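Spelled out from the first residue to the last, the chains are:
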Amino acid sequence: MSEPTVADTRRLNSKPQDLTDAYGPPSNFLEIDVYDPQTIGVGRNRFTTYEVRMRTNLPIFKLKESCVRRRYSDFEWLKNELERDSKIVVPPLPGKALKRQLPFRGDEGIFEESFIEERRVGLEQFINRIAGHPLAQNERCLHMFLQEESIDRNYIPGKV
């Protein structure tokens, strides 16, 4: 019979880290912020937009910095496109808050500051989870969402 193999448990030799390595820019980074919510319009044509700012040094993105304005329905569009065309599990969006949209409420409903801030945080978590996924980074819809001023809903899905 052959003797059982023993796993090699020696530590890998690592080089000591100097200050440049510790405090220099990360080798690969992707930062996405959702901020500056603005409510636009009146009555039934009222909606909130958010600024989506991206900074990266990943070679897959043609722009290293971009800043676009998006509304909740644009995030829904991105989620639906990724679910339809990619092989990744897409995280959920923050809820639609249907009860907040009912008429005759005593508050501002979906336009109340606390709700807008809660939704902003949820949208930021959503887009960072998606954009951080290596397979999603290849999807044309993600690049359009993050880097193009307007979304072409008639685009041809595919890889970058």
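Figured I'd write up the structure that's included with this text. Keep in mind that what you see is a predicted model, and the values were worked out from it rather than measured.

Taken N-terminus to C-terminus, the directions of helix α2 (residues 72–85) and helix α4 (residues 140–147) make an angle of 165 degrees; their axes are 9 Å apart at the nearest point. Classified by the interaxial angle, the pair formed by α2 and α4 is roughly antiparallel. Note that α2 runs across α4; the crossing there is left-handed. Contacts between α2 and α4 involve Asp74, Phe75, Trp77, Leu78, Glu81 and Leu82 from the first element and Cys141, Leu142, Met144 and Phe145 from the second. Taken together, the residues that form the contact of α2 with α4 break down as 8 nonpolar, no polar and 2 charged.

Oppositely charged side chains may form a pair once their charged atoms are brought near each other. On inspection of all chains with the given rule, the structure shows 11 salt bridges. Across the salt bridge formed by Glu83 and Lys79, the nearest N and O atoms sit 2.4 Å from each other. Of this pair, Glu83 and Lys79 both sit in helix α2, 4 residues apart, which is roughly one turn of the helix. Given the relative accessible area of 41%, Glu83 is considered partly exposed. A relative accessible area of 16% places Lys79 in the buried class. For Glu81, the salt bridge goes to Arg84, with nearest N and O atoms at 2.8 Å. Placement of both Glu81 and Arg84 in helix α2 is noted, with a separation of 3 residues, approximately one turn of the helix.

What follows deals with the environment of Leu78. Mapped onto the fold, Leu78 is located in helix α2. For the pair Leu78 and Ile130, spaced 52 residues apart in the sequence, the C-alpha separation amounts to 9.8 Å. Apart from the residues within four sequence positions on either side, Leu78 is in contact with Phe126, Ile127, Cys141, Leu142 and Phe145.

So, about α2. Along its 14 residues, α2 runs 20 Å from first to last C-alpha, staying within 8% of the 20 Å computed at 1.5 Å per residue. Tucked inside the fold, the buried residues of α2 contact β1 (30–40), β2 (47–56), β3 (65–71), α3 (113–131) and α4.

To continue, consider the pairing of β2. The buried fraction of β2 amounts to 7 of the 10 residues, a majority that puts the element mostly inside the structure. Bridge count for β1 against β2 is 9 bridges, and the pairing is antiparallel. Note on β2: the bridge partner recorded for Ile32 is Met54. Count of turn residues in the β1/β2 antiparallel hairpin: 6 residues, of which Gly41 carries a positive phi of about 90 degrees. As paired strands, β2 and β3 are joined by 7 bridges and run antiparallel to one another. For Met54, the partnering residue across the bridge sits in β3 and is Ser66.

Next up on the list: the packing of aromatic side chains. Counted by the stated rule, this structure contains 3 aromatic pairs. When the ring of Trp77 is compared with that of Tyr155, the centres are 5.7 Å apart and the planes differ by 65 degrees; the resulting orientation is edge-to-face. Taken together, the residues Trp77 in helix α2 and Tyr155 in the segment after α4 connect sequence positions 78 residues apart. An aromatic cluster is defined as three or more aromatic residues linked by ring pairs; in this entry it consists of Phe75, Phe126 and Phe145. We note Arg70 situated over the ring of Phe145; from NZ or CZ to the ring centre the distance is 5.4 Å. Of note, Arg71 hangs over the ring of Phe47, and the distance from its end group to the ring centre comes to 3.7 Å.

About the cut-offs
- Residues numbered from 1 in each chain as written.
- Predicted model: local features only at pLDDT ≥ 70, side-chain atom pairs only at ≥ 80, totals over all residues.
- Heavy atoms only, no water.
- Axes fitted to C-alpha atoms, helices over the stretch in contact; angles between N-to-C directions.
- Helix = DSSP H or I, 4+ residues; strand = E, 2+ residues; numbered from the N terminus.
- Parallel < 35°, antiparallel > 145°, perpendicular 65-115°, else oblique.
- Left-handed = near helix turned anticlockwise from the far one by under 90°.
- Contact = heavy atoms within 4.5 Å.
- Nonpolar A, V, L, I, M, F, W, Y, C, P; charged D, E, K, R; others polar.
- Salt bridge = Lys/Arg side-chain N within 4 Å of Asp/Glu carboxyl O.
- Buried < 20%, exposed > 50% of the residue type's maximum accessible area, 1.4 Å probe, protein only.
- Expected span 1.5 Å × (residues − 1).
- Pairing = 2+ DSSP bridges.
- Phe/Tyr/Trp six-rings, centres within 6.5 Å; stacked < 30°, edge-to-face > 60°.
- Lys NZ or Arg CZ within 6 Å of the ring centre and 35° of its normal.

That is the geometry; function is a separate question.
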